[in-house]
Amino acid sequence: MDQPLSLQALEQRDEFIHRHIGPCAAETAGMLAAIGADSLDALIAQTVPAAIRLPAELPLPAPRREHEALADLKAIAQKNVVARSCIGMGYYDTLTPKVILRNVMENPGWYTAYTPYQAEIAQGRLEALMNFQQVVVDLTGLEIANASLLDEATAAAEAMAMARRVSKSKSTRFLVDASVFPQTLDVVRTRAGYFGFELVIAAVDRVPDGEFFGALLQNPGDDGEVRDLTDTIAALKARGATVAVACDLMAQVLIKSPGAMGADIALGSSQRFGIPMGFGGPHAAFFATREACVRSMPGRIIGVSKDARGHTAYRMTLQTREQHIRREKANSNICTSQVLLANMAGLYAVYHGPAGLKTIARRIHRLTGMLVEGLKAAGVEVSTAQFFDTVRVRTDRDVPGYNLRAVDAQTRGISFDETTTAADVAAILLALTGKTADLAALDAAAAASSPLAGLLRDDAILTHPVFNTHHTEHEMLRYLKSLQNRDLALDHSMISLGSCTMKLNATSEMIPVTWPEFGGIHPFAPREQVAGYLEMIAGLTEWLKTVTGFDAICMQPNSGAQGEYAGLVAIARYHASRGEGHRKVCLIPKSAHGTNPATAQMANMKVVVVDCDASGNVDVADLEAKAGEHKDDLACLMITYPSTHGVFEEAIKDICAIVHAHGGQVYMDGANLNAQVGLTSPGFIGADVSHMNLHKTFAIPHGGGGPGMGPIGLKAHLAPFMADHAVAATGPADRVNAGQGAVSAAPFGSASILPISWMYLAMLGGEGVRKATQYAILNANYVASRLQAHYPVLYVGSNGRVAHECILDIRPLKAATGIAEIDIAKRLMDYGFHAPTVSFPVAGTIMVEPTESESKAELDRFVEAMIAIREEIRRIETGELPADNNPLKNAPHSQADVIEGEWNRPYSREEAVFPLPWVKANKFWPSVNRIDDVYGDRHLNCACPPMASYED
C-alpha cells in the first residue's frame, strides 16, 4: 500500500496550479532533458540575468482551491447593492438574451479566439462583426462603420483627432456641445491638451463666432433633450468644421439619424444592446463616417473579399494593424477593440430584428412618457421637452431602491431602459409626488402625446435578411453554432502567438463575470453601493503592486494601448509639474511594438529611434549617445522587456540608469510581462511606469480581438499624475491623483472583467505565478530547441536561451523556394493550428509563444506540424513539387477542395487535408480558401453582402 499522505497534501491547496500549467512532472523532465537543462531553476538561471532576479519569492497569499476562491469572491460581490438604475449617462440596464449569454458570452468558442488576422479560420466572428457594422450603418445613417472602439468617451476623442485629419480648416479650435456627457468631456479634454487643441464648450444654439476644425454634438443630449441638429450641423460645416454626433443606438431605432442631419461622424456605445453595465465595461463603442473619410477612420474595419475559389469571404480591411506600419505617423494607437461585445450587440439586433427593436424602443419611450404625464399632473416641473428615455425633474427627492441622477441639489435626472416596468413608473411617481398613479390613464395620455413629432426617422432599418430570420431561439441557436463552427479558438488547439500570450482562460475565472452583483452595477452608482467592487479592486491592486514592484496602480485604461497612453500622460504631467514641460523626446528601440511610437505621437512627444545590435538587443552605445544628445528635452524611454525579440537583455538596468541620468523616465511596455512574474519585476528592474495586459498575463480572454484591460503601475513620484475621473472618483477624498483628467469613460475601465484576474491570482498564489512564468520560459525553449534544426531561431540570449517566445527566421527559405511566412501560416490551418505571429517584429519571420498552459503533447503536435511543413518546403527545394502549385501556396484547403471538381494538383487530396495521421481525429476545416487581400482593399465593401453572394 502507498505511504499515507498527510492531510495537508490531501487538501490540494495547489490544485489550480496543476490545472493551469500544461506539462506534468514526467513531461517536465523530458522537456528539460531535450533542451539540456538540469532543472527548471537551472534553466531560469541560464535565461534571466542574475542582476534582475528577485531575491525572494513574491509575498502573495497562498493558493486557494477553485471552489474556495469562488466562495471568497462571491462574499465580496454580495457587498454590492444592485439597485434599480435610472442614472443613464450612456449606461443602461438591459436584458441579455439567454441564448446569447450562454452560447456567446459564456462560450469559450467565442471568448478564447484571437483577433481575426488569419481570416480563413475566423469567418464566423467576422460575419458577426459585419452584422454589427451593418447595425451601426443603418441606425446612424452613415455609409461605413468600424468593428468597434473601446468606449463612448475614447471614441469621441478619436473623432476629434479624425476631424483634425480631414478638416481643411487651419483652426485649432474644437467645439464641444455643452450637452455632451461629462465623462466624455473629461476624456476629450485630456486628449485635446496633448494635441494642442483649444476646446470651446458651448450650447449649440449659442456657438461663438469663428472657425472650428471640428465639433462634437450629443443627441439625445446629457439632459435627455432630442434635437434636430440639421441646421446646426450645416452652420458648423460652413465654418470648416467636421461634425461628429454622439448618439444612442436604442434612440436611433426611432429618431432621425445623424447621417440624415448631415453629420460626418457618428459614435456612441452599443452597451444597451444586451451588454451588462458591469460598473463601466467592457462595452463596444461604435463609430461611423462617410465613405470618403474611411482611410482616416480609427480602428478596424471588416470588409468583404473573395477566396481562391471566388467565394464570398470576410477579412479585416484597410486599417489592419495600421499602427504597426505607420508607427509615429499612425492615426491612432488602438490595437485591442471590443470584438466579443460588438458581436453580442450585433447578435442582439439579429435576434430581435427591426420589429423587435422598435417594440423595445417604443416601450421605453412610452414608459418615459407615462412618467412625464404623471409628474406634470402632480405639478412637478419636467425641464426636458423632447425626450426619448431621459428627463430632468425639478425635485430634491430620491426614491428608495432606485438610483436617480443627482444633477444638483434641486434636480434629478431619470433614465428608463428595457428593464423598466409600469410598476417602476408607479413607484417613482409615488415617491416624487406622494400620489398613487393611474397607470391606464397615464398610458393613454402618453400614447396621445408626441414629444418626438418631426424628429422620427422615416427610413427603413435592418432590412438585410440576417436581421429578419433568426427570431426563434431554435433558429438563433443554430445560427450561433454555425458561426462558431467557422472559428478556431483555444477550445480546439494551441494559439502560439508571439507577444500575445494566449494562455488558459480558466472556467472558474470566467464564472464571476456574469454574476448580477458585478454585471448589474452602474459605473456612477453611489459609492456606498459598490463596496464589493471597491474591495475586489483594492485587493487586485495590492496583488498587482506586489507582482510589478510599483507603488500605485491605475485601473482605468481599458486596453494595452490605453495603458501606454495613460503612462506617457503621467510622465508628461510629472515633467510639467517640475517646470520641465519642454521634455518631449521619447526614445524607442527599433524593435518596438507599433503602438509605442503611435502612443508617443498622441502624447505630443517626438520619437527618436534607438538602434538594435546584431543580437536583437538595444544598442546601448546608440541609446547613450541619443540620451546625451537630447538630455535637455528627454521625456522618456519606451522599452519592452523581455525584448520584443524574445530575449532578456542583460543591460536593462544600465539602460534604465542611462535614461534616468539624463532626466528621463522609463516606460516599460508590459506586453511580455508573462516572462517576468515571480522572477523579476518592472519596478525592481528600474522602470517608472508600466502597463499590464490583463488580457495576456493575467488570464482575461482575448474575446476574438477584445476586450482587454491595460492598467498601469507607477512609482510613487508618478502616482499623483495618474488618471482620475470627473464624475466618479477613483479613490477617497485624499487620493494623490485627485483632479487629474480621465483617459477612459469609466473610473475603473472595464471593471466587470477584473474578477477574472482576481481569481487567477487568488488560485495561483505566489508559488503558482512563479511556476507559471518558469513554464512559459520552459515551453518556449522546448519549441525553439526542437525547431532550431529546421528553422533558424533568430535571437537568443548569451547562454543560447530564449525568453517566453522565439522568432523563427523564414527569410532563407523564401530566398530559396519563394515560400513566405504567410504560406506557412496558411498551411498550419490544415494541421489544425492558428499561425504564430507573422512578420513581427521582424519581416519575414514568425514569432512563437506557447505559454505555460500548453502540455508537452500539444507542443509536440505543433512541432510535428512545423517539421512536416519544413519537409514539404524541402520537396519544393528539390523540385519534387512546383514552386507555384504546392500544399503551402494553395493552403488552406477547404472541404470544397476535396469534394468539388477534378483533382489535378501534384500532391494528393489526403496530403492536402490530412497531412499527419492525428489531424483526422480532430480536423478543423477552414470554411473558405485563401482570401484575396488585394481584391478586398480595391473593392471596399464593409456592409452585409446580399444573400445571393453566398450562393455564387
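Refer to the structure above for everything that follows.
Right, let's walk through the structure included here. All values reported here derive from a predicted model rather than from experimental measurement. (Residues numbered from 1 in each chain as written. Predicted model: local features only at pLDDT ≥ 70, side-chain atom pairs only at ≥ 80, totals over all residues. Heavy atoms only, no water.)

## Details of the overall build of the protein chain
Here's step 1: In terms of helices and strands, the protein chain carries 33 helices and 23 strands.
Here's step 2: Its C-alpha atoms give the protein chain a radius of gyration of 28 Å, near enough to 30 Å, the size a compact globule of 952 residues would have.
Here's step 3: Principal axes of the C-alpha set define a box for the protein chain whose edges measure 85 × 75 × 70 Å.
Here's step 4: Expressed as a percentage of contacts within the protein chain between residues at least 6 apart in sequence, the contacts between residues at least 24 apart total 76%.
Here's step 5: Accessible surface, the protein chain as shown: approximately 31,500 Å² in total, 51% of it carbon and sulfur.
Here's step 6: Side-chain charges of the protein chain comprise 84 positive and 104 negative groups, with the mean position of each set lying 2 Å from the other. (Helix = DSSP H or I, 4+ residues; strand = E, 2+ residues; numbered from the N terminus. Rg over C-alpha atoms; globule rule 2.2 N^0.38 Å. Contact = heavy atoms within 4.5 Å. Areas by Shrake-Rupley, 256 points an atom, 1.4 Å probe, with all protein chains shown as cover. Lys, Arg positive; Asp, Glu negative; His and termini not counted. Charge placed at Lys NZ, Arg CZ, Asp CG, Glu CD.)

## Side note on the nonpolar core
Here's step 1: Counting 236 residues, the largest nonpolar core has Phe273, Ile414, Phe698 and Ile824 as its most contacted members.
Here's step 2: Tallying contributions element by element places helix α14 (residues 339–377) first for this core, with 20 residues.
Here's step 3: Look past the residues within four positions of isoleucine 414 in its chain and what remains in contact with it is Cys86, Leu371, Asp389, Thr390, Val391, Val393, Leu404, Ile428 and Leu432.
Here's step 4: Tyr91, Ala157, Ala285 and Ala742 belong to the second-largest nonpolar core, a separate cluster that totals 43 residues. (Core = buried A, V, L, I, M, F, W, Y, C linked by side-chain atoms within 4.5 Å. Buried < 20%, exposed > 50% of the residue type's maximum accessible area, 1.4 Å probe, protein only.)

## Quick notes on the side chain of glutamine 133
Here's step 1: Counting through the fold element by element, glutamine 133 comes out in helix α8 (residues 123–140).
Here's step 2: Among the polar contacts made by the side chain of glutamine 133, one reaches the main-chain amide nitrogen of isoleucine 302 at a distance of 2.8 Å. (Polar contact = N/O pair within 3.5 Å; in protein donor to acceptor, adjacent residues only side chain to side chain.)

## Brief notes about the sheet that holds strand β19 (residues 689–691)
Here's step 1: The mixed open sheet is built from 7 strands, whose spatial order is β14-β20-β19-β18-β17-β15-β16. What marks the edges here is a single partner per strand, and that holds for β14 (552–554) and β16 (606–610). Neighbour to neighbour, the strand axes of the sheet diverge by 25 degrees on average, direction disregarded.
Here's step 2: Together, β15 (585–589), β16, β17 (634–640) and β18 (665–669) form the strand contacts of helix α22 (residues 595–602), whose direction differs from that of β15 by roughly 175 degrees. (Pairing = 2+ DSSP bridges. Axes fitted to C-alpha atoms, helices over the stretch in contact; angles between N-to-C directions.)

## A word on the sheet that holds strand β4 (residues 198–202)
Here's step 1: Reading across from one edge, β2-β8-β7-β6-β5-β3-β4 is the order of the 7 strands in this open sheet, with mixed pairing throughout. Strands at the two margins of the open sheet, each flanked by one partner only, are β2 (144–145) and β4.
Here's step 2: Here 2 bridges tie β2 to strand β8 (residues 285–289), and the two strands are oriented antiparallel to one another. By the bridge assignment for β8, isoleucine 144 is matched with threonine 289.
Here's step 3: Against the sheet, helix α10 (residues 182–195) makes contact with β3 (173–177), β4 and β5 (214–219), and its axis sits at roughly 155 degrees relative to β4, the strand it touches most.

## Comments concerning the packing of helix α6 (residues 98–105) against α14
Here's step 1: With their axes 11 Å apart at the nearest point, α6 and α14 run at an angle of 145 degrees to one another. When the axes of α6 and α14 are compared, the crossing they make is right-handed. Contacts between α6 and α14 involve Val99, Ile100, Val104 and Met105 from the former and Leu340, Met344, Leu347, Tyr348 and Tyr351 from the latter.
Here's step 2: Its residues placed into classes, the contact of α6 with α14 shows 9 nonpolar, no polar and no charged. (Left-handed = near helix turned anticlockwise from the far one by under 90°. Nonpolar A, V, L, I, M, F, W, Y, C, P; charged D, E, K, R; others polar.)

## Brief notes about helix α3 (residues 25–35)
Here's step 1: Within α3, the full set of buried residues consists of Glu27, Thr28, Met31, Leu32 and Ile35. On an axial view of α3, the arc spanned by its buried residues comes to 135 degrees, and they lie on one face. For α3, the exposed residues lying more than 90 degrees away from the buried face are Ala26 and Ala33.
Here's step 2: Buried-residue contacts for α3 involve α4 (40–47), α26 (754–787) and α29 (856–877).
Here's step 3: Just past α3, the residue glycine 36 takes up positive phi, approximately 80 degrees. (Arc of directions from axis to C-beta.)

## Let's talk about the environment of arginine 827
Here's step 1: Among the structural elements, arginine 827 can be located in helix α28 (residues 821–830).
Here's step 2: We classify arginine 827 as buried; its relative accessible area is 0%.
Here's step 3: Between the C-alpha atoms of arginine 827 and alanine 865, which are 38 residues apart in sequence, the distance is 9.3 Å.
Here's step 4: Residues in contact with arginine 827, not counting those within four places in the same chain, are Ile869, Glu872, Pro887, Leu888, Ala891, His893, Glu911, Ala912 and Pro915.
Here's step 5: Here the side chain of arginine 827 touches alanine 912 through a polar contact of 2.8 Å, landing on its backbone oxygen.

## Some remarks on the side chain of serine 496
Here's step 1: Secondary-structure assignment places serine 496 in the loop between α17 (473–484) and α18 (507–510).
Here's step 2: Beyond its immediate chain neighbours, meaning those up to four positions away, serine 496 contacts His834, Pro836, Thr837, Met847, Val848, Glu849 and Phe862.

## A closer look at α14
Here's step 1: Here α14 is 39 residues long, yet its end C-alpha atoms lie only 46 Å apart, well below the 57 Å a rise of 1.5 Å per residue gives.
Here's step 2: A bend of about 95 degrees at glycine 353 is the largest found in α14, and the proline proline 354 appears one to four places after it.
Here's step 3: Counting buried positions over the 39 residues of α14 gives 28, a clear majority of the element.
Here's step 4: One or two residues past the end of α14 sits glycine 379, with phi positive at roughly 85 degrees. (Expected span 1.5 Å × (residues − 1). Bend = angle between axes of the 7 residues up to and from the residue.)

## Examining a nonpolar patch on the surface
Here's step 1: There is a patch of nonpolar side chains on the surface, built from Leu5, Leu7 and Leu10 and spanning about 340 Å² of accessible area.
Here's step 2: Topologically, leucine 5 is positioned in the segment before α1 (7–10).
Here's step 3: Residue class for leucine 5 comes out exposed when judged on its relative accessible area of 60%. (Patch = residues over 30% accessible without salt bridge, like charges linked within 9 Å, V, L, I, M, F, W, Y side chains within 5 Å. Salt bridge = Lys/Arg side-chain N within 4 Å of Asp/Glu carboxyl O.)

## Brief notes about the pattern of salt bridges
Note that side chains of opposite charge can pair when their charged atoms are close.
Here's step 1: For the structure on display, the rule yields 49 salt bridges.
Here's step 2: Aspartate 830 is the partner of arginine 827 in a salt bridge, and the nearest nitrogen-oxygen pair spans 2.8 Å. Of this pair, arginine 827 and aspartate 830 are both found in helix α28, 3 residues apart, which corresponds to roughly one turn of the helix.
Here's step 3: Taking the shortest distance from any N to any O, the salt bridge between aspartate 860 and lysine 856 comes out at 2.8 Å. Of this pair, aspartate 860 and lysine 856 both sit in helix α29, 4 residues apart, which is roughly one turn of the helix.
Here's step 4: Several salt bridges share partner residues, and in doing so they unite Arg309, Asp897, Glu900 and Arg905 into one network.

## Here we look at the environment of threonine 154
Here's step 1: Examined against the element boundaries, threonine 154 turns out to sit in helix α9 (residues 152–166).
Here's step 2: Distance from threonine 154 to arginine 191, taken between C-alpha atoms, is 8.9 Å for residues 37 residues apart in sequence.
Here's step 3: The residues contacting threonine 154, other than those within four sequence positions of it, are Val187, Arg191, Gln562, Val743 and Ser744.

## With respect to unusual backbone geometry
Both trends apply: most residues other than glycine have a negative phi, and most peptide bonds are in trans.
Here's step 1: Between asparagine 219 and the following residue, proline 220, the backbone shows a cis peptide bond with an omega angle of -5 degrees.
Here's step 2: Structurally, proline 220 can be placed in the loop between β5 and α11 (230–238).
Here's step 3: Between glycine 281 and proline 282 the backbone carries a cis peptide bond, its omega angle lying at 10 degrees.
Here's step 4: As for its placement among the helices and strands, proline 282 is situated in the loop between β7 (265–269) and β8.
Here's step 5: Of note, the phi angle at threonine 501 is positive, near 50 degrees, even though the residue is not glycine.
Here's step 6: Within the secondary structure, threonine 501 is located in the loop between α17 and α18.
Here's step 7: The buried category is assigned to threonine 501, whose relative accessible area is 1%.

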